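Each chain, letter by letter, is given below.
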Amino acid sequence: MSASAFKIKNYFNQDFLSIGIISILVTILIIIQNSYFSILYPIGFCLGIGLFVLILKYPKAGLYLLIFNLPLNLYIQLFGFGGDRFSVSVNEILMAILLISLLAKKLFTGKISFPKSHLNRPILLLITVNSLSLFLAIFDLSSADYMKCWLYFLLWAEYFLIYFLILDLIKTEQEIQTIFALLIIAGIISVLSAIYQQFVGSELHAIGAITETGKTYYRLATPFGFYSNHFGAYLLIILSLLLQLYFASTKGRRFGYLLLILPTLYALFYTFSRGSFLGLIALVIVLLIFNKEQRKKIVFFSIILTILSLIIFSPVFLRWSKKANIKKSGRIVIEYNIRERLSQWEASWDQFSKHPIIGKGFETYRYRAINYQSNFGFVKYIDHPDNAYAKMLIESGILGLLFFGMFVFQVFSFGQKLLKQEIPDQLKLIIYITLTSLPCFLVTSLTDSMFTVGRVLGPIVVLVGIMFARARIESIKI
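Here's what I pulled together on the structure shown here. Predicted model, so just to flag it, every value in this text is computed and none were measured.

Calculation notes
Residues numbered from 1 in each chain as written. Predicted model: local features only at pLDDT ≥ 70, side-chain atom pairs only at ≥ 80, totals over all residues. Heavy atoms only, no water. Helix = DSSP H or I, 4+ residues; strand = E, 2+ residues; numbered from the N terminus. Buried < 20%, exposed > 50% of the residue type's maximum accessible area, 1.4 Å probe, protein only. Contact = heavy atoms within 4.5 Å. Salt bridge = Lys/Arg side-chain N within 4 Å of Asp/Glu carboxyl O. Core = buried A, V, L, I, M, F, W, Y, C linked by side-chain atoms within 4.5 Å. 1 Å grid on protein atoms, 1.4 Å probe; cavity = no way out; pocket = protein on both sides within 12 Å on 5 of 7 lines; lining within 4 Å. Points joined across faces, edges and corners; volume = space filled by probe spheres on them. Axes fitted to C-alpha atoms, helices over the stretch in contact; angles between N-to-C directions. Parallel < 35°, antiparallel > 145°, perpendicular 65-115°, else oblique. Left-handed = near helix turned anticlockwise from the far one by under 90°. Nonpolar A, V, L, I, M, F, W, Y, C, P; charged D, E, K, R; others polar. Phe/Tyr/Trp six-rings, centres within 6.5 Å; stacked < 30°, edge-to-face > 60°. Lys NZ or Arg CZ within 6 Å of the ring centre and 35° of its normal. Polar contact = N/O pair within 3.5 Å; in protein donor to acceptor, adjacent residues only side chain to side chain. Expected span 1.5 Å × (residues − 1).

Regarding the overall build of the chain
Assigned secondary structure in the chain consists of 17 helices and 8 strands. Out of the 478 residues belonging to the chain, those deemed buried represent 53%. Taking the intrachain contacts of the chain between residues at least 6 apart in sequence as the baseline, contacts between residues at least 24 apart amount to 74%.

Structure follows, in structure tokens:
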């Protein structure tokens, strides 16, 4: 077969058609996977081959579908070990097919290349130190748990591949606009699905905050596998995108963006996520820095939002009293819930101090009985550090946190360097969006491990990739 048969026609209408076909195929594959009729599995195999062929011919369409599906991801239980079932998501299946098809195409055409950028080194170092730490964990961790940790590591590391896929496939301004449209549409679907759950009274993926008056407040989340804190962090990324588009657009389009911003804010408030509320404060501060001409408007709306948040967040404030209860796998007193988090942080620091340089291995802490007596209570296992930076220190030590800091520094440094140059308004807008969403991500990570949540990390990596890809279009060295 000639190499010319594998050339890609970069027209969005053809990619859009393939997106529709691939969406139907993925839906059928999910139905087949969850069915009990073994006769359908051969059909599913044929559909998988068809999906591979389509992405092989239109790899950019596969990337579009992957980006669109980031917050709408569904998990499928494929296999199990140690008495547990392990799930693989639709996004991971898509990413595997996309990578295999791209590699096959590059090998067949003889054009094997890897995108180069300032972020290559920190990403490589970050993944390397985590893999090395996890490899060393084999000497003091049982094989079953060790294997599961390696699977979690691979599921986390693959999200950085989105950055390289964007650099490899995205070449034009129109393609970047397509990605923005897909991010917004996926965000709208997530917001509306969450608000719909509130109206119908669904408790799916929600925690009921029960006050002393006996009234129950369900925290808002989507039916796509989000938890409330993670959903709030994701909404801050979407808000960063929508608000910067709002300030950069003409008066005619601002009303349309406002119609999208308001329900997103509504959903954010009703997540009752204190970490997301801190992220919202960070969002306002960054908006004030970047949008100097809009400062009066930002301050005015911030005051209104503060008043509304004090009213909406009243159940959260009631939960802080000694008599208030929270429903979390049963009823527990919130005073002990706070003490539990503090004890987990203290136990995390104790574990870090034992392996300060390279850590104890990705996700291994949850399987180690530490039996630690903190100042706030006894901790048998560190189930969840509730802090991304404490988690990194446990898993990959000072080196892991250092390389993550290098990644963040390179993103900010590159963006600030571009803003000092004469660049097109479109590139400036993309930089504002990226550098607005990233601080929100970093702040919310203080209260939860957002760095390993693909639905939150994925959109951040997409925005970073778009910023570097758009700079390259302007012939700027990345």
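Observations concerning the pattern of salt bridges
One pass over the full model with this rule turns up 7 salt bridges. Arg-470 is the salt-bridge partner of Glu-474, the closest N and O atoms lying 2.6 Å from each other. Classification of Glu-474 as partly exposed rests on a relative accessible area of 31%. With a relative accessible area of 4%, Arg-470 lands in the buried category. Here the residues in one salt-bridge network are Glu-363, Arg-366, Lys-391 and Glu-395, joined through shared partners.

Quick look at the nonpolar core
Phe-441 and Phe-451 are the most contacted members of the largest nonpolar core, which totals 116 residues. Ranked by residues supplied to this core, first place goes to helix α9 (residues 228-248) with 14 residues. Ignoring sequence-local partners within four residues, the contact set of Phe-441 consists of Phe-404, Met-450, Phe-451, Val-456, Leu-457 and Ile-460. If you look at the next biggest cluster of nonpolar residues, it comprises 7 residues, including Tyr-365, Ile-370, Tyr-372 and Ile-394.

Some thoughts on the layout of surface pockets
Looking at the second largest pocket, its volume works out to about 490 Å³. Residue lining of the second largest pocket: 21 residues in total, with Leu-243, Ile-261, Leu-265, Phe-301 and Leu-305 positioned closest to the centre.

Describing the packing of helix α15 (residues 388-419) against helix α17 (residues 454-473)
At a closest axis distance of 11 Å, the pairing of α15 and α17 adopts a crossing angle of 40°. In terms of orientation, α15 lies oblique with respect to α17. The chirality of how α15 crosses α17 is left-handed. Residues Val-411, Phe-414, Gly-415 and Leu-418 of α15 lie in contact with α17, whose contacting residues are Val-464, Met-467, Phe-468 and Ala-471. A class-by-class count of the residues in the contact of α15 with α17 yields 7 nonpolar, 1 polar and no charged.

Considering the packing of helix α8 (residues 173-200) against α9
α9 packs onto α8 with a crossing angle of 130° between their chain directions and a minimal axis gap of 10 Å. By the angle class used here, α8 and α9 are oblique. At the point where α8 passes α9, the crossing takes the left-handed sense. The segment α8 lies against α9, with Phe-180, Leu-183, Ile-184, Ala-186, Gly-187, Ser-190, Val-191 and Ala-194 engaging Phe-231, Tyr-234, Leu-235, Ile-238, Leu-241, Leu-242 and Leu-245. Residues belonging to the contact of α8 with α9 are distributed by class as follows: 13 nonpolar, 2 polar and no charged.

Remarks on the packing of aromatic side chains
How two aromatic rings sit relative to each other is given by the distance of their centres and the angle of their planes. Taken as a whole, this structure holds 20 aromatic pairs when the rule is applied. Between Phe-404 and Phe-451 the ring centres are 4.6 Å apart and the planes differ by 65°, which places this aromatic pair in the edge-to-face class. Taken as a pair, Phe-404 in helix α15 and Phe-451 in the loop between α16 (425-444) and α17 lie far apart in primary sequence, 47 residues in all. Summarising the aromatic geometry, the rings of Phe-414 and Phe-468 are spaced 4.3 Å apart at their centres and angled 10° between planes, so their arrangement reads as stacked. In this pair, Phe-414 is assigned in helix α15 and Phe-468 in helix α17, connecting sequence segments 54 residues apart. Each member of the pair, Phe-414 as well as Phe-468, carries the same accessibility label: buried. Taken together, Tyr-146, Trp-150, Phe-153, Trp-156, Phe-160, Phe-362, Tyr-389, Phe-404, Phe-407 and Phe-451 form an aromatic cluster joined through their ring pairs. Between Arg-254 and the ring centre of Tyr-246, over which it is positioned, the NZ or CZ distance is 5.4 Å. Between Lys-391 and the ring centre of Phe-362, over which it is positioned, the NZ or CZ distance is 4.8 Å.

Digging into the environment of Leu-161
Take Leu-161: it is sitting in helix α7 (residues 161-169). With relative accessibility at 29%, the residue Leu-161 sits in the partly exposed group. Separated by 62 residues in the primary sequence, Leu-161 and Leu-99 place their C-alpha atoms 9.0 Å from one another. Leaving out residues up to four positions away in the same chain, Leu-161 has contacts with Met-95 and Leu-99.

A short note on the side chain of Thr-434
If you trace the backbone, Thr-434 turns up in helix α16. With relative accessibility at 1%, the residue Thr-434 sits in the buried group. Excluding residues within four positions of it along the chain, Thr-434 makes contact with Val-411, Leu-463, Val-464 and Met-467.

A short note on the side chain of Glu-363
Turning to its location among the elements, Glu-363 is positioned in the loop between α14 (334-354) and β7 (372-374). Among the polar contacts made by the side chain of Glu-363, one reaches the side chain of Arg-366 at a distance of 2.8 Å. Apart from the residues lying within four places of it in its own chain, the contact partners of Glu-363 are Cys-149, Tyr-152, Lys-391 and Glu-395.

Comments concerning helix α5 (residues 120-136)
The end-to-end C-alpha distance of α5 is 24 Å, a good match for the 24 Å that 17 residues give at a rise of 1.5 Å each. Of all the positions in α5, only Asn-120, Pro-122, Ile-123, Leu-126, Val-129, Asn-130, Ser-131, Ser-133 and Leu-134 are classed as buried.

A few points about the environment of Tyr-246
Examined against the element boundaries, Tyr-246 turns out to sit in helix α9. Taking the relative accessible area as the measure of exposure, Tyr-246 reaches 14% and is therefore buried. Each C-alpha atom of the pair Tyr-246 and Leu-260 lies 10.0 Å from the other, and the pair is 14 residues apart in sequence.

Any functional reading would require information beyond the geometric quantities listed.
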